[in-house]
Amino acid sequence: MKLTLNLNCTQSDSYRKLEEWIENIADKYNLSSTYHSSVLILLDEIFRLGQERHQSLIIHASTGEEGMSFEVVATDETNVETTAQFRDDEYLMQLLSDLCSRHGFQDNNLFFGLASEAFPINKSLQRQVQLKNYFKGNIEIEVGHDTISEH
């Protein structure tokens, strides 16, 4: 599943939209605070660069066996793709190296991914199934205990 956000970095409510989008991803996939913070730090820096350069951003997020992946496309005011300019920002390149398990440029788009060990997709899916079963009356949960018994 791919989640997409389109932002014009020069609009006043753009950063709020970015934060909401990141929060929705964190809620949807039950991200740990460390994983969530890494995503927020990286996208915050990309947004800041987009603001400085009067860019619009298209950010795609997707999940897979390797964890979560993000792809960023930046365009200028005339709709010319300018993503390659991110390569010149030493701070962003250092953040990507420090926080990501993989990153680079592909087809002029910036991509980065965070390792799956920090991304609890299996645990998240397991919790969704358990919650559905709970509401169907198929499992019982004892208060104060971590054990779940299934019927």
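Nothing here was measured: the structure is a model prediction, and the numbers come from that model. (Residues numbered from 1 in each chain as written. Predicted model: local features only at pLDDT ≥ 70, side-chain atom pairs only at ≥ 80, totals over all residues. Heavy atoms only, no water.)

1. Points about the packing of helix H1 (residues 14-29) against helix H2 (residues 33-52)
How two helices sit against one another is set out by the angle between their axes and by the gap between those axes.
So, step 1. Relative orientation of the contacting elements H1 and H2 amounts to 155°, with a least axis distance of 11 Å. When the axis of H1 is compared with that of H2, the two are roughly antiparallel. Helix-helix and strand crossings are classified by hand; for H1 and H2 the assignment is right-handed. Counting all contacts with H1, which are made through Ser14, Tyr15, Leu18, Trp21, Ile22, Glu23 and Ala26, the residues of H2 involved are His36, Val39, Leu40, Leu43, Asp44 and Phe47. (Axes fitted to C-alpha atoms, helices over the stretch in contact; angles between N-to-C directions. Helix = DSSP H or I, 4+ residues; strand = E, 2+ residues; numbered from the N terminus. Parallel < 35°, antiparallel > 145°, perpendicular 65-115°, else oblique. Left-handed = near helix turned anticlockwise from the far one by under 90°. Contact = heavy atoms within 4.5 Å.)

2. What about the packing of aromatic side chains?
For any pair of aromatic rings, the description consists of the separation of the ring centres together with the inter-plane angle of the planes.
So, step 1. Tallied over the entire structure, the rule returns three aromatic pairs.
So, step 2. When the ring of Phe70 is compared with that of Phe112, the centres are 5.1 Å apart and the planes differ by 15°; the resulting orientation is stacked. Residue Phe70 is located in strand S3 (residues 67-75), and its partner Phe112 is located in strand S5 (residues 109-115); the two are separated by 42 residues in the primary sequence. One exposure class covers both Phe70 and Phe112, and it is buried.
So, step 3. Three or more aromatic residues link up through ring pairs in this structure, and these residues are Trp21, Phe70 and Phe112. (Phe/Tyr/Trp six-rings, centres within 6.5 Å; stacked < 30°, edge-to-face > 60°. Buried < 20%, exposed > 50% of the residue type's maximum accessible area, 1.4 Å probe, protein only.)

3. Examining the pattern of salt bridges
So, step 1. Following the criterion strictly, the structure yields five salt bridges and no others.
So, step 2. For the salt bridge of Asp13 with Arg16, the shortest nitrogen-to-oxygen distance reads 3.4 Å.
So, step 3. The exposure class of Asp13 is partly exposed, given its relative accessible area of 26%.
So, step 4. A relative accessible area of 41% means that Arg16 is categorised as partly exposed.
So, step 5. Where Glu52 meets Arg48, a salt bridge forms, and the shortest distance between an N and an O atom there is 2.3 Å. Linking Glu52 with Arg48, this pair stays in helix H2, spanning four residues, or about one helical turn. (Salt bridge = Lys/Arg side-chain N within 4 Å of Asp/Glu carboxyl O.)

4. Some words on the environment of Leu49
So, step 1. Of note, Leu49 is situated in helix H2.
So, step 2. Leu49 gets classed as buried once you look at its relative accessible area, which sits at 0%.
So, step 3. A C-alpha to C-alpha distance of 10.0 Å links Leu49 and Ala74, two positions 25 residues apart in sequence.

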